[in-house]
Amino acid sequence: MDPEPVPSTKARAVFALGLVGLLTGPFVGGVIPATLALLLARQSARQAYAAGGYLTGSAWIRRGQRLAWVGLVLALTALVVLLIAGLLHLAAAPAGQDFAPGTD
């Protein structure tokens, strides 16, 4: 007698963490939940494979992974934009001391 298929509890957690990573990615705070989502997705995918089809939720895992990767890309994009803006601000600042004309 085969057991009934049961939904994976980690699959919903992967999706939730991926969604949080996506929503907070542009603020660079999404790196942590997105990374946790990817690590948890790896574990839950292994468990689902080992269960032989009796652990469902692979669609939630895939969606959570996609959201987590998009959140990481958004965080990386925000960091690059902030870095470029900082460098442009630094380049616009006058270099050295500005003495009055005729001062030795």
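Each value, and the rule that gives it
Residues numbered from 1 in each chain as written. Predicted model: local features only at pLDDT ≥ 70, side-chain atom pairs only at ≥ 80, totals over all residues. Heavy atoms only, no water. Helix = DSSP H or I, 4+ residues; strand = E, 2+ residues; numbered from the N terminus. Expected span 1.5 Å × (residues − 1). Buried < 20%, exposed > 50% of the residue type's maximum accessible area, 1.4 Å probe, protein only. Phe/Tyr/Trp six-rings, centres within 6.5 Å; stacked < 30°, edge-to-face > 60°. Lys NZ or Arg CZ within 6 Å of the ring centre and 35° of its normal. UniProt positions renumbered as here; feature names shortened; annotations may be inferred. Contact = heavy atoms within 4.5 Å. Polar contact = N/O pair within 3.5 Å; in protein donor to acceptor, adjacent residues only side chain to side chain. Axes fitted to C-alpha atoms, helices over the stretch in contact; angles between N-to-C directions. Parallel < 35°, antiparallel > 145°, perpendicular 65-115°, else oblique. Left-handed = near helix turned anticlockwise from the far one by under 90°. Nonpolar A, V, L, I, M, F, W, Y, C, P; charged D, E, K, R; others polar. Patch = residues over 30% accessible without salt bridge, like charges linked within 9 Å, V, L, I, M, F, W, Y side chains within 5 Å. Areas by Shrake-Rupley, 256 points an atom, 1.4 Å probe, with all protein chains shown as cover. Salt bridge = Lys/Arg side-chain N within 4 Å of Asp/Glu carboxyl O.

Some points on helix H2 (residues 31-50)
With 20 residues, H2 ought to run about 28 Å at 1.5 Å a step, and its terminal C-alpha atoms sit 29 Å apart, in line with that. The set of residues buried in H2 consists of Pro 33, Ala 34, Ala 37, Leu 38, Leu 40, Ala 41 and Ser 44. Gly 52 occupies a position one or two residues after H2 and carries a positive phi of about 70 degrees.

Notes on unusual backbone geometry
Even without a glycine there, the phi angle at Val 28 is positive, about 65 degrees. Its location among the elements puts Val 28 in the loop between helix H1 (9-24) and H2.

Here's the deal with the packing of aromatic side chains
With the rule as written, the count across this model stands at one aromatic pair. When the ring of Phe 15 is compared with that of Trp 60, the centres are 4.8 Å apart and the planes differ by 80 degrees; the resulting orientation is edge-to-face. With Phe 15 in helix H1 and Trp 60 in helix H3 (residues 58-92), this pair connects stretches of sequence that are 45 residues apart. Positioned above the aromatic ring of Trp 60 is the side chain of Arg 63, whose terminal nitrogen or guanidinium carbon lies 5.1 Å from the ring centre.

With respect to the UniProt feature "transmembrane region" (unreviewed entry) in the protein
Listed under "transmembrane region" (unreviewed entry) in the UniProt record, and renumbered for this structure, are residues 13-40 and 67-92. The straight-line gap between the two end C-alpha atoms of residues 13-40 is 8 Å; of that span, 79% is helix and 0% is strand. Along residues 67-92 one finds 100% helix and 0% strand; the C-alpha atoms at either end are 37 Å apart.

What about H1?
For the α-helix, the turn length of 3.6 residues means that residues three or four positions removed from each other point alike. The terminal C-alpha atoms of H1, which comprises 16 residues, lie 23 Å apart, in line with the 22 Å expected from a rise of 1.5 Å per residue. On its buried side, H1 packs onto H2 and H3. One side-chain oxygen at the N-terminal end of H1 lies 3.4 Å from the backbone nitrogen of Lys 10; it belongs to Ser 8.

Some remarks on the packing of H1 against H2
Following both chains from N to C, one finds H1 and H2 inclined at 160 degrees, their axes separated by 8 Å at the closest point. When the axis of H1 is compared with that of H2, the two are roughly antiparallel. The crossing of H1 and H2 is left-handed. Taking contact as the criterion, the partners of Lys 10, Ala 13, Val 14, Leu 17, Gly 18, Val 20, Gly 21 and Thr 24 in H1 are, on H2, Pro 33, Ala 34, Leu 36, Ala 37, Leu 40, Ala 41, Gln 43, Ser 44 and Gln 47. Among the residues forming the contact of H1 with H2, the class breakdown is 10 nonpolar, six polar and one charged.

Observations regarding a nonpolar patch on the surface
On the surface, a cluster of nonpolar side chains totalling about 370 Å² of accessible area is made up of Val 31, Ile 32, Leu 36 and Leu 39. Position of Ile 32 among the secondary structure elements: in helix H2. Residue classification places Ile 32 among the exposed positions, given a relative accessible area of 62%.

Remarks on the environment of Ala 13
Here Ala 13 is to be found in helix H1. Residue Ala 13 is classed as partly exposed on the basis of its relative accessible area of 28%. Residues Ala 13 and Thr 103, spaced 90 residues apart in sequence, show a C-alpha to C-alpha distance of 68 Å.

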